[in-house]
Amino acid sequence: MNKGTDDWEFFDFHSPEPAAEYLWPRMITSGVDHSVIHLLALTMPVANGGIVYQGMNGALLYSRSTYGGETWDIQHQILPGMDSSQYTGFTGDCYAFAEPHDNVVAFVAGSHQHDLFLMKSIDNGQTFEKTIIWNNPYDLMTPTFQTDTFYCVDGSVAVTLGINGLAHVVFGICRACYHTSIPVGWKINKLTDGVGYWNENMTGFSSNINALDPTCGPESEMVKNQNLIGWAQDIDGDSLITYLYEYSYPYYTYQGASSMVQIVSDEQNRLFLVFSSITETYNNGVENYRRLWMRSSLDGGQT
């Protein structure tokens, strides 16, 4: 078959029984001619019409095809460290693959409802090793108690593999708490502002509720320009970030003021980060819009 000729071929890749259908998939390819397919997908959570699967309300499952999708040698696998003994479930779109390097495959997952962690394989997806980057103090999809207000990963995450397969991870930061009083549910401070960074040469973040404080307060483990590498800009130069609508931006339910992160690396071990920030002075007279911002590191994340 030649590129751009003949008909498209397709098939349905169903979730395992008795789980309802998959949602929010992610896919990458690796190997010779990119014939190895790696797939992550979430079993349908109860709120979307699904069921609790293997003890999780939204189980994140891994599948692999070494034959371009014709057959799948790994199907619907709950990877070690991602089962119901660790988590009550996962949220949609809170996980991302890195572009593979040779036989190194990696993905990252994180949100306000579970840890931020890296899953990395050096044998093209046959086995994975887990590294917890940020230890969520609660790890619960739906707590049965009112939590403290804590700084957390906002579900926007990305990872890239630098030279020698070193993983570099970025993530948006928000502030959250679970209320048991009416209205019951998670409350998110979406004007919390910061983009965090971690690589495999760095230590992880603790479960302290202020560990990810992007204001770098007394209990914060964030250091500006080291593991805090993105924030909204003071456009008008008055040393304040001022928005027209200060209380709650109605869009992007869980994401902070700086979020939607993406990171790539090149052959010279340079890193390039792109993220969006709610941007002062950029508005429609009612509320502020987001703009894309970029930062780079020319020394593999050291500066």
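Relevant structure appears above.
Residues numbered from 1 in each chain as written. Predicted model: local features only at pLDDT ≥ 70, side-chain atom pairs only at ≥ 80, totals over all residues. Heavy atoms only, no water.

Things to note about the overall build of the protein
Next, step 1: Looking only at helices and strands, the protein has zero helices and 16 strands in total.
Next, step 2: Its C-alpha atoms give the protein a radius of gyration of 20 Å, within 12% of the compact-globule value 19 Å for 303 residues.
Next, step 3: Relative to its full complement of 303 residues, the protein shows a buried share of 49%.
Next, step 4: Taking contacts inside the protein between residues at least 6 apart in sequence as the whole, the part at least 24 apart equals 56%.
Next, step 5: For the protein, the accessible area works out to roughly 15200 Å², and carbon and sulfur atoms hold 51% of it.
Next, step 6: Side chains of the protein carry 13 positive and 33 negative charges; the gap between the two charge centres is 6 Å. (Helix = DSSP H or I, 4+ residues; strand = E, 2+ residues; numbered from the N terminus. Rg over C-alpha atoms; globule rule 2.2 N^0.38 Å. Buried < 20%, exposed > 50% of the residue type's maximum accessible area, 1.4 Å probe, protein only. Contact = heavy atoms within 4.5 Å. Areas by Shrake-Rupley, 256 points an atom, 1.4 Å probe, with all protein chains shown as cover. Lys, Arg positive; Asp, Glu negative; His and termini not counted. Charge placed at Lys NZ, Arg CZ, Asp CG, Glu CD.)

Describing the side chain of S276
Next, step 1: With respect to the secondary-structure elements, S276 resides in strand β15 (residues 271–283).
Next, step 2: One polar contact links S276 to R290, side chain to side chain, over a distance of 3.0 Å. (Polar contact = N/O pair within 3.5 Å; in protein donor to acceptor, adjacent residues only side chain to side chain.)

Observations regarding the pattern of salt bridges
Side chains carrying opposite charge are able to pair once their charged atoms draw close together.
Next, step 1: Inspection of the entire model under this criterion finds four salt bridges.
Next, step 2: D73 is the salt-bridge partner of R64, the closest N and O atoms lying 2.4 Å from each other.
Next, step 3: E200 is the salt-bridge partner of K120, the closest N and O atoms lying 2.7 Å from each other. Of this pair, K120 sits in strand β7 (residues 114–121) while E200 sits in the loop between β12 (195–199) and β13 (228–230), and the two are 80 residues apart along the sequence. (Salt bridge = Lys/Arg side-chain N within 4 Å of Asp/Glu carboxyl O.)

Concerning the environment of Q77
Next, step 1: Note that Q77 resides in strand β4 (residues 74–77).
Next, step 2: Put simply, Q77 and L60 are 17 residues apart on the chain and 8.5 Å apart in space, counted from C-alpha to C-alpha.
Next, step 3: Once residues within four sequence positions are removed from consideration, Q77 is found in contact with L60, L61 and Y62.

A word on a negative patch on the surface
Next, step 1: Taken together, D6, D7, E9 and E70 make up a surface patch of like negative charges.
Next, step 2: The residue D6 is located in the segment before β1 (22–30) in this model. (Patch = residues over 30% accessible without salt bridge, like charges linked within 9 Å, V, L, I, M, F, W, Y side chains within 5 Å.)

Re unusual backbone geometry
Next, step 1: Backbone torsion omega between E17 and P18 reads 0°, so that peptide bond is classified as cis.
Next, step 2: You can see P18 is positioned in the segment before β1.
Next, step 3: P183 follows I182 through a cis peptide bond whose omega is -5°.
Next, step 4: Here P183 lies in the loop between β10 (167–179) and β11 (185–189).
Next, step 5: Here W24, not a glycine, exhibits a phi torsion of approximately 50°, which is positive.

Here we look at the environment of N283
Next, step 1: Within the secondary structure, N283 sits in strand β15.
Next, step 2: Setting aside residues up to four positions removed in sequence, N283 forms contacts with L244, N288 and Y289.
Next, step 3: At a separation of 2.9 Å, a polar atom in the side chain of N283 contacts the main-chain amide nitrogen of G285.

Here we look at the sheet that holds β15
Next, step 1: The strand order across the open sheet built from three strands is β14-β15-β16, with neighbouring strands paired in antiparallel fashion. Strands with a single pairing partner mark the edges of an open sheet, and in this sheet they are β14 (258–265) and β16 (288–297). Shown here is a sheet whose adjacent strand axes are inclined to one another by a mean of 30°, direction ignored.
Next, step 2: As defined by bridge partners, β14 adjoins β15 across six bridges and the pair is classed as antiparallel. By the bridge assignment for β15, S259 is matched with S276. (Pairing = 2+ DSSP bridges. Axes fitted to C-alpha atoms, helices over the stretch in contact; angles between N-to-C directions.)

Some remarks on the pairing of β7
Next, step 1: Most of β7 is tucked away, with eight of its eight residues classed as buried.
Next, step 2: Relative to β7, strand β6 (residues 105–111) runs antiparallel, the two sharing six bridges. Residue pairing in the sheet places F107 in a bridge with M119 of β7.
Next, step 3: As consecutive antiparallel partners, β6 and β7 are separated by two residues.
Next, step 4: Two strands pair when backbone bridges link them, and β7 and strand β8 (residues 129–134) are joined in this way by five bridges, in the antiparallel orientation.

Quick look at the side chain of D266
Next, step 1: Position of D266 among the secondary structure elements: in the loop between β14 and β15.
Next, step 2: Exposure remark for D266: the relative accessible area of 17% places this residue in the buried category.
Next, step 3: Among the polar contacts listed, one links the side chain of D266 to the backbone nitrogen of Q268, at a separation of 3.0 Å.

Some remarks on the sheet that holds β7
Next, step 1: If you trace the four strands from one edge of the open sheet to the other, you get β5-β6-β7-β8, paired in antiparallel fashion. The sheet is open, and its two borders are formed by β5 (95–97) and β8, each paired with just one other strand. If you compare each strand with its neighbour and ignore which way they point, the axes differ by 20° on average.

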